[in-house]
Amino acid sequence: MNLFIAGLMLVVLLIQTICVKHFRFMRKFPLFGIDWLGAALWAVLWIEIAFLFNYGDWYDWWNSPVIRQLSAAIIITLFFCVWRMMTIRHPFLEPKMWTYRYFWPLLGLITLVEAFLATEQTIPGLGNGVLQDILYNARIHPKTRIHSLSAGQKEELYHQIKSTLQEMYNLGGRSTETDLFGKSGGYIPHLSKNTAGTICPRCEDMIKKENYLGGSIYYCSGCQPIQ
Ligand SMILES: [Zn+2]
């Protein structure tokens with residue numbers, strides 16, 4: 001994933017380089033046609049924002065270097081998008097578009113649809129925060145490979161997915177999240193950045209936080225031994 005972000009930033013830089021050169025050419029000869037570079041910049045910005053909202057929770061937001069790099073990339077891309085829009089003669093998105101009567105309602109509608117699609121995806125995928133507690137309850141180390149799990153462990157994992165989710169549901173969700181009325185849930189996660197470094201109530205060993213594949217993993221060094 002770090003490679004992916006590096007690649008993404010490289011693409012942005014490449015577009016920016018071409019963009020700066022192209023800019024002079026455009027001013028000398030104000031040719032008509034579509035501003036493809038502007039379009040590409042807006043597309044990159046859109047992809048970056050979509051990635052942020054889809055994987056933000058999985059990466060534990062700004063605790064992860066991936067999300068921090070991505071945020072920087074978004075700010076840089078946005079700057080170049082706006083700069084290009086303001087300086088060239090026929091930008092892909094005209095500045096007056098932002099004052100267009102239907103623009104903001106339309107953007108709101110797109111955001112709503114996107115949010116709906118994103119929330120729908122978290123159910124089959126299981127967010128990172130939920131997964132930590134499932135593995136803790138099943139006493140499985142987060143770095144364990146699926147194929148090295150015994151039949152008994154697989155059964156325990158299946159059982160814990162159901163019972164952990166049921167417990168979270170019964171208590172109104174995790175305490176780190178809020179509902180539509182701003183009320184936080186009653187489920188206090190066993191493993192989170194708040195419990196990292198504290199003593200495990202089950203075995204009195206230490207709860208640890210580690211960076212893994214660009215995200216954060218939490219586990220108890222005592223009752224979730226690595227296999
Ligand atoms: Zn423990």
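Being a predicted model, the structure only gives us computed values, none of them experimental.

Student: Would you mind showing me how to read the overall build of the chain here?
Tutor: Scanning the chain from N- to C-terminus turns up six helices and two strands. Overall, the chain shows an N-to-C arrangement of helices and strands of α-α-α-α-α-α-β-β. Taking all 227 residues of the chain together, the buried fraction comes to 20%. Within the chain, contacts between residues separated by at least 24 positions form 58% of all contacts whose residues are at least 6 apart in sequence.

Student: It is not clear to me how the packing of helix α5 (residues 128–137) against helix α6 (residues 151–170) should be interpreted in this structure. Could you clarify?
Tutor: At a minimum axis distance of 9 Å, the contact between α5 and α6 shows a crossing angle of 125 degrees. As the angle between them shows, α5 and α6 are arranged oblique. Here α5 and α6 pass one another in a crossing that is right-handed. Here D133, I134 and N137 of α5 lie close against α6, whose contacting residues are Q160, I161 and T164.

Student: How should I be thinking about helix α2 (residues 36–55) in this particular structure?
Tutor: Residue pairs spaced three or four apart in an α-helix point in one direction, given the helix's 3.6 residues per turn. With 20 residues, α2 should cover 28 Å at 1.5 Å per step; its first-to-last C-alpha distance of 28 Å lies within 8% of that length. Every buried residue belonging to α2 is among L37, G38, L41, V44 and E48, and all of these are buried. Down the axis of α2, the smallest arc covering the buried residues is 125 degrees, so these residues share one side. α2 presents W36, W46 and F53 as exposed residues on the side facing more than 90 degrees away from its buried surface.

Student: Can you walk me through the nonpolar core in this structure?
Tutor: One finds I15, L41, V66 and L70 to be the most contacted residues of the largest nonpolar core, which totals 13 residues. Counting residues per element, the ones that place at least two in this core are α1 (2–28), α2 and α3 (65–87). Of the residues forming this core, the biggest block, five residues, is contributed by α3. Non-local contacts of I15, meaning those with residues more than four positions away in its chain, are made with L37, A40, L41 and V44. Counting 12 residues, the second largest nonpolar core, distinct from the first, contains V130, I134, I140 and Y218.

Student: Can you help me understand unusual backbone geometry in this one?
Tutor: Generally, phi is negative for residues other than glycine and the peptide bonds are trans, each holding for most cases. One non-glycine residue, R139, adopts positive backbone phi at about 55 degrees. Among the residues examined, R139 registers 18 C-beta atoms within 10 Å and is labelled partly exposed. For E204, which is not glycine, the phi dihedral falls at a positive 65 degrees. Looking at where E204 falls in the secondary structure, it is placed in the loop between α6 and β1 (207–212). Given 10 C-beta atoms within a 10 Å radius, E204 is considered exposed.

Student: Would you take a moment to explain the packing of α2 against α3 for this structure?
Tutor: Packed helix pairs are characterised by how far apart their axes lie and by the angle those axes make with each other. Relative to each other, α2 and α3 sit at 150 degrees, their axes nearing to 9 Å. As summarised for this structure, α2 and α3 are arranged roughly antiparallel, according to the angle between their axes. In this structure, the crossing between α2 and α3 has a hand that is left-handed. Taking contact as the criterion, the partners of G38, L41, W42, V44, L45, E48, I49, F51 and L52 in α2 are, on α3, I67, L70, A73, I74, T77, L78, F80, C81, R84 and M85. Classifying every residue of the contact of α2 with α3 by side-chain character gives 15 nonpolar, two polar and two charged.

Reading guide: rules and limits
Residue positions are counted from 1 within each chain, in the order its sequence is given. Since the coordinates come from a predicted model, pLDDT governs what is reported: local features require at least 70, and pairs of side-chain atoms require 80 or more to be given and counted, while whole-chain, interface and lining totals use all residues. Secondary structure elements are defined from DSSP: runs of H or I of at least 4 residues count as helices, runs of E of at least 2 residues count as strands, and each element is numbered from the N terminus. Counting other C-beta atoms within 10 Å of its own, a residue is labelled buried from 20 upward, exposed at 12 or fewer, and partly exposed in the gap between, with every C-beta atom placed from the backbone. A pair of residues counts as a contact when their C-beta atoms, built from backbone coordinates, are separated by no more than 7 Å. Inter-axis angles, ranging from 0 to 180 degrees, are taken between N-to-C directions of lines fitted to C-alpha atoms, where helices are fitted over the stretch in contact. In these notes the angle categories are as follows: under 35 degrees is roughly parallel, over 145 is roughly antiparallel, 65 to 115 is roughly perpendicular, and the rest is oblique. Crossing handedness is defined as follows: a turn of the near helix away from the far one that is anticlockwise and smaller than a right angle gives a left-handed crossing, while the clockwise case is right-handed. In this analysis, the expected span of each helix is defined as 1.5 Å times one less than the number of residues it contains. Regarding the arc, it is the one traced by the directions from the helix axis to the C-beta atoms. Each nonpolar core comprises buried Ala, Val, Leu, Ile, Met, Phe, Trp, Tyr and Cys residues, the members being joined through C-beta atoms within 7 Å. Lys, Arg, Asp and Glu make up the charged group, whereas Ala, Val, Leu, Ile, Met, Phe, Trp, Tyr, Cys and Pro make up the nonpolar group; the residues left over, Gly among them, are polar.

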